[in-house]
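Structural characterization, general
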Amino acid sequence: MPKHVFPVDFVWGAATAAYQIEGAVREDGRGESIWDRFSHTPGKIQGGDTGDVACDHYHRYREDVALMREMGLKGYRFSIAWPRIVPAGKGALNPKGLDFYNALVDRLLANGITPYATLYHWELPQLLQDRGGWDNRDTAAYFAEYAAVVFESLGDRVRHWITLNEPSVVAYNGHAIGEHAPGFTDYALAVRVSHHLNLAHARAVAAYRQLNQGGVIGTTLNLTSVYPAGNAPEDGAAARIADGMYNRWFLDPVLKGAYPRDILELFGQKLQAPVIQAGDLERIAAAPIDFLGLNYYSRLLVRSAPSSPFGYEAVRGAGPCTAMGWEIYPDGLYDLLVRLDRDYGHPRLLVTENGAAFDDPLQAGRVADPERIAYLREHFLAARRAIESGVRLEGYFVWSLLDNFEWAHGYSRRFGLIYVDYPTQERIWKDSARWYQGVIRQNGV
Ligand code: FCB
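On a predicted model such as this, the values are computed, not experimentally measured, just so you know.

Focus: the layout of surface pockets
For the largest pocket, the calculated volume is near 1,100 Å³. For the lining of the largest pocket, the elements supplying multiple residues, two or more each, are α8 (167–177), β8 (300–304) and β9 (312–315). Considering every element that reaches the lining of the largest pocket, the biggest residue donor is α8, with five residues. Taken together, the residues that form the lining of the largest pocket break down as 19 nonpolar, 12 polar and seven charged. Volume-wise, the second largest pocket comes out at about 190 Å³. Lining the second largest pocket we find Ser 225, Val 226, Tyr 227, Ala 239, Arg 240, Asp 243, Asp 335, Leu 336, Arg 339 and Arg 342. Only β6 (226–228), α10 (233–256) and α13 (331–343) provide two or more residues apiece to the lining of the second largest pocket. Of the residues forming the lining of the second largest pocket, the biggest block, four residues, is contributed by α13.

Remarks on the packing of aromatic side chains
Taken as a whole and assessed by the stated rule, the structure comprises 47 aromatic pairs. A centroid spacing of 4.7 Å and a plane angle of 65° characterise the contact between Phe 6 and Trp 12, whose relative ring orientation is edge-to-face. Since its relative accessible area comes to 0%, Trp 12 is described here as buried. Seen from their ring centres, Tyr 120 and Trp 134 are 5.3 Å apart, and the 80° between their planes marks the pair as edge-to-face. Placement of Tyr 120 in strand β3 (residues 114–120) and of Trp 134 in the loop between α6 (126–129) and α7 (138–154) is noted, with a sequence separation of 14 residues between them. Accessibility expressed as a relative area gives 1% for Trp 134, which makes it buried. Grouped by ring-pair contacts, the aromatic residues Tyr 19, Trp 35, Phe 38, Trp 122, Phe 405, Trp 407, Tyr 411 and Tyr 422 constitute a single cluster. Seen from the ring of Tyr 329, Arg 299 lies directly overhead, with NZ or CZ sitting 3.9 Å from the centre.

A look at the side chain of Gln 213
Looking at the secondary structure, you find Gln 213 in the loop between α9 (187–211) and β5 (216–222). Not counting residues up to four positions away in its chain, the partners in contact with Gln 213 are Phe 151, Glu 152, Gly 155, Asp 156, Arg 159 and Tyr 208.

Things to note about the UniProt feature "binding site: substrate" (unreviewed entry) in the chain
Listed under "binding site: substrate" (unreviewed entry) in the UniProt record, and renumbered for this structure, are Gln 20, His 121, Asn 165, Tyr 297, Trp 399, Glu 406 and Trp 407. Of the annotated positions mentioned, Gln 20, His 121, Asn 165, Tyr 297, Trp 399, Glu 406 and Trp 407 line the largest pocket. In this structure, His 121 sits in the loop between β3 and α6. Those residues within four positions of His 121 in sequence are excluded, and the remaining contacts are Ala 17, Gln 20, Arg 77, Ser 79, Asn 165, Glu 353, Trp 399 and Trp 407. A relative accessible area of 4% means that Trp 407 is categorised as buried.

A few points about the packing of helix α5 (residues 95–110) against α7
Direction vectors running N to C along α5 and α7 enclose 45°, while the axes themselves pass 10 Å from each other. As summarised for this structure, α5 and α7 are arranged oblique, according to the angle between their axes. Remark: the crossing between α5 and α7 carries right-handed chirality. Of the residues in α7, those touching α5 at Leu 98, Tyr 101, Asn 102 and Val 105 are Val 149, Ser 153 and Leu 154. Among the residues making up the contact of α5 with α7, the classes are represented as five nonpolar, two polar and no charged.

Brief notes about the sheet that holds β5
Judged by pairing direction, the barrel is parallel, and its eight strands sit side by side in the order β1-β2-β3-β4-β5-β7-β10-β13 before closing back on the first. Going from strand to strand, the sheet's axes swing by 25° on average, the running direction of each strand aside. Here five bridges tie β5 to strand β7 (residues 291–295), and the two strands are oriented parallel to one another. Paired with Thr 219 across the two strands is Leu 292, which belongs to β7.

Comments concerning unusual backbone geometry
Of note, the bond from Ala 273 into Pro 274 is cis; its omega dihedral lies within 30 degrees of zero at -5°. If you trace the backbone, Pro 274 turns up in the loop between α11 (261–271) and α12 (280–285). Each neighbour pair has its own omega, and for Trp 399 with Ser 400 the value is 10°, a cis peptide bond. With respect to the secondary-structure elements, Ser 400 resides in the loop between β13 (393–399) and β14 (418–421). For Asp 56, which is not glycine, the phi dihedral falls at a positive 55°.

So, helix α3 (residues 57–71)
Taking 1.5 Å as the rise per residue, α3 with 15 residues should run 21 Å; its terminal C-alpha atoms sit only 17 Å apart, a clear shortfall. For α3, the complete set of buried residues consists of His 57, Tyr 58, Tyr 61, Asp 64, Val 65, Leu 67, Met 68 and Met 71. Once α3 finishes, Gly 72 follows within two positions and takes phi at roughly 90°, a positive value.

Quick notes on the site of the ligand
Close to the ligand lie Gln 20, His 121, Trp 122, Asn 165, Glu 166, Asn 295, Tyr 297, Glu 353, Trp 399, Glu 406, Trp 407 and Phe 415, which account for all nearby residues. In the environment of the ligand, an oxygen atom lies 2.8 Å from a nitrogen or oxygen atom belonging to the side chain of Gln 20. For the ligand, an oxygen atom lies 2.6 Å from a polar atom in the side chain of Glu 166. The fraction of the free accessible surface of the ligand (300 Å²) that becomes covered by protein chains is 95%. Among the cavities detected, the one that contains the ligand is the largest pocket.

Quick word on the pattern of salt bridges
When the charged atoms of two side chains with opposite charge come close together, those side chains can pair. Evaluation of the coordinates by the stated rule reveals 30 salt bridges. A salt bridge links Asp 36 to Arg 30; its shortest N-O distance comes to 2.8 Å. Accessibility assignment for this pair places Asp 36 and Arg 30 in one class, buried. Residue Arg 60 pairs with Asp 56 through a salt bridge whose shortest N-O separation is 2.9 Å. In the salt-bridge network here, residues are joined through shared partners; they are Asp 243, Arg 248, Asp 262, Arg 339, Arg 342 and Asp 343.

Rules of the game
- Residues numbered from 1 in each chain as written.
- Predicted model: local features only at pLDDT ≥ 70, side-chain atom pairs only at ≥ 80, totals over all residues.
- Heavy atoms only, no water.
- 1 Å grid on protein atoms, 1.4 Å probe; cavity = no way out; pocket = protein on both sides within 12 Å on 5 of 7 lines; lining within 4 Å.
- Points joined across faces, edges and corners; volume = space filled by probe spheres on them.
- Helix = DSSP H or I, 4+ residues; strand = E, 2+ residues; numbered from the N terminus.
- Nonpolar A, V, L, I, M, F, W, Y, C, P; charged D, E, K, R; others polar.
- Phe/Tyr/Trp six-rings, centres within 6.5 Å; stacked < 30°, edge-to-face > 60°.
- Buried < 20%, exposed > 50% of the residue type's maximum accessible area, 1.4 Å probe, protein only.
- Lys NZ or Arg CZ within 6 Å of the ring centre and 35° of its normal.
- Contact = heavy atoms within 4.5 Å.
- UniProt positions renumbered as here; feature names shortened; annotations may be inferred.
- Axes fitted to C-alpha atoms, helices over the stretch in contact; angles between N-to-C directions.
- Parallel < 35°, antiparallel > 145°, perpendicular 65-115°, else oblique.
- Left-handed = near helix turned anticlockwise from the far one by under 90°.
- Pairing = 2+ DSSP bridges.
- Expected span 1.5 Å × (residues − 1).
- Near = heavy atom within 4 Å.
- Polar contact = N/O pair within 3.5 Å; in protein donor to acceptor, adjacent residues only side chain to side chain.
- Areas by Shrake-Rupley, 256 points an atom, 1.4 Å probe, with all protein chains shown as cover.
- Sits in = over half its atoms within 2 Å of the grid points.
- Salt bridge = Lys/Arg side-chain N within 4 Å of Asp/Glu carboxyl O.

Below you can see the structure in the form of structure tokens.
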């Protein structure tokens with residue numbers, strides 16, 4: 001018997017995203033996305049890697065669903081590639097794109113696995129980028145049109161929807177830091193983009209409600225617990241700003257229908273951003289979500305730094321790190337879950353991503369990955385403590401089912417429960433996958 005048991009209907013799952021696993025980027029009418037363009041731009045991705053082939057999941061999804069079934073997954077979170085469905089971003093549909101996801105969904109259901117579909121995991125059609133991308137307010141309307149097409153095609157069987165994956169990463173990493181597509185380095189642009197993403201989310205939620213399909217819809221935010229590095233009051237103030245920019249700026253609109261006043265002022269003063277038009281906040285407030293998805297990987301430790309753009313800087317924590325250089329800090333997940341419950345009115349929550357990259361050795365057909373097992377065990381226990389404290393956490397999706405294309409890092413970072421030998425596309429169970437299978441079977445750690 002496991003020592004730490006989870007609620008009977010707890011959804012144990014794994015997550016992936018289309019560009020990171022599908023490959024087949026030029027097949028069956030798929031249009032170009034900003035990640036195709038970005039990954040083919042020299043110098044952007046480690047090793048010059050691209051998602052052209054990735055895990056070849058587009059052709060191997062049957063085999064991959066069989067792996068999920070063997071693992072015992074109750075839920076599978078995947079994303080739908082906008083340019084497979086609407087190759088130009090707006091206008092003509094590509095039925096073959098819908099065929100693929102219909103076949104995937106049917107296969108999941110036939111194997112007893114509940115599909116959780118994300119509508120935007122970063123694949124903006126390139127033709128929309130050419131018209132301004134997320135800086136163009138019209139993109140939000142095109143997104144809702146695409147979303148409605150997907151709801152109409154899959155919504156009788158997909159009952160769990162996630163509009164956007166990590167709008168903060170789309171905004172900051174893609175438009176201010178520049179390490180993600182489309183690769184801009186302009187904070188004011190990033191803040192405008194974040195507002196337009198909120199509009200896109202709200203429009204998609206509205207489109208879903210209109211269809212009355214009876215499932216649930218939410219969004220996925222990349223959240224972290226922010227702590228001051230020292231006891232000085234300036235460090236506390238710095239932590240409040242960082243928490244505001246990374247967490248509250250994205251949480252408050254979807255859960256409270258408003259932007260946090262302090263950060264709105266900060267962005268207004270420093271960046272003359274965002275540009276909120278009449279009716280925008282009403283639209284956002286009129287689209288409450290059914291659940292919040294959160295992706296948690298690490299904490300953020302900050303101290304006051306008056307000369308840096310927003311008055312704070314990140315400090316390295318003392319704990320051990322994963323291959324991403326991210327500090328392993330499971331208590332941060334507990335703190336985050338309890339805080340969301342307290343500050344945002346006891347919402348339904350799902351951990352839509354948590355996991356770790358390590359340098360997994362493949363030796364004699366086996367991958368021993370004790371660090372990943374320890375990482376997951378500690379985070380599962382943190383989640384369970386939060387549930388005991390009354391948090392409405394309903395499921396947990398490990399990132400990731402398979403090793404895959406880790407964005408700017410290409411194939412150099414392995415997050416999978418299943419190892420992918422890229423030259424042969426062979427799937428090999430890591431020890432952590434067997435361990436997770438046991439967790440699911442016993443519904444506990
Ligand atoms: C998240 C992304 C996901 C994956 C993990 C490691 O930010 O949503 O696609 O790359 O990080």
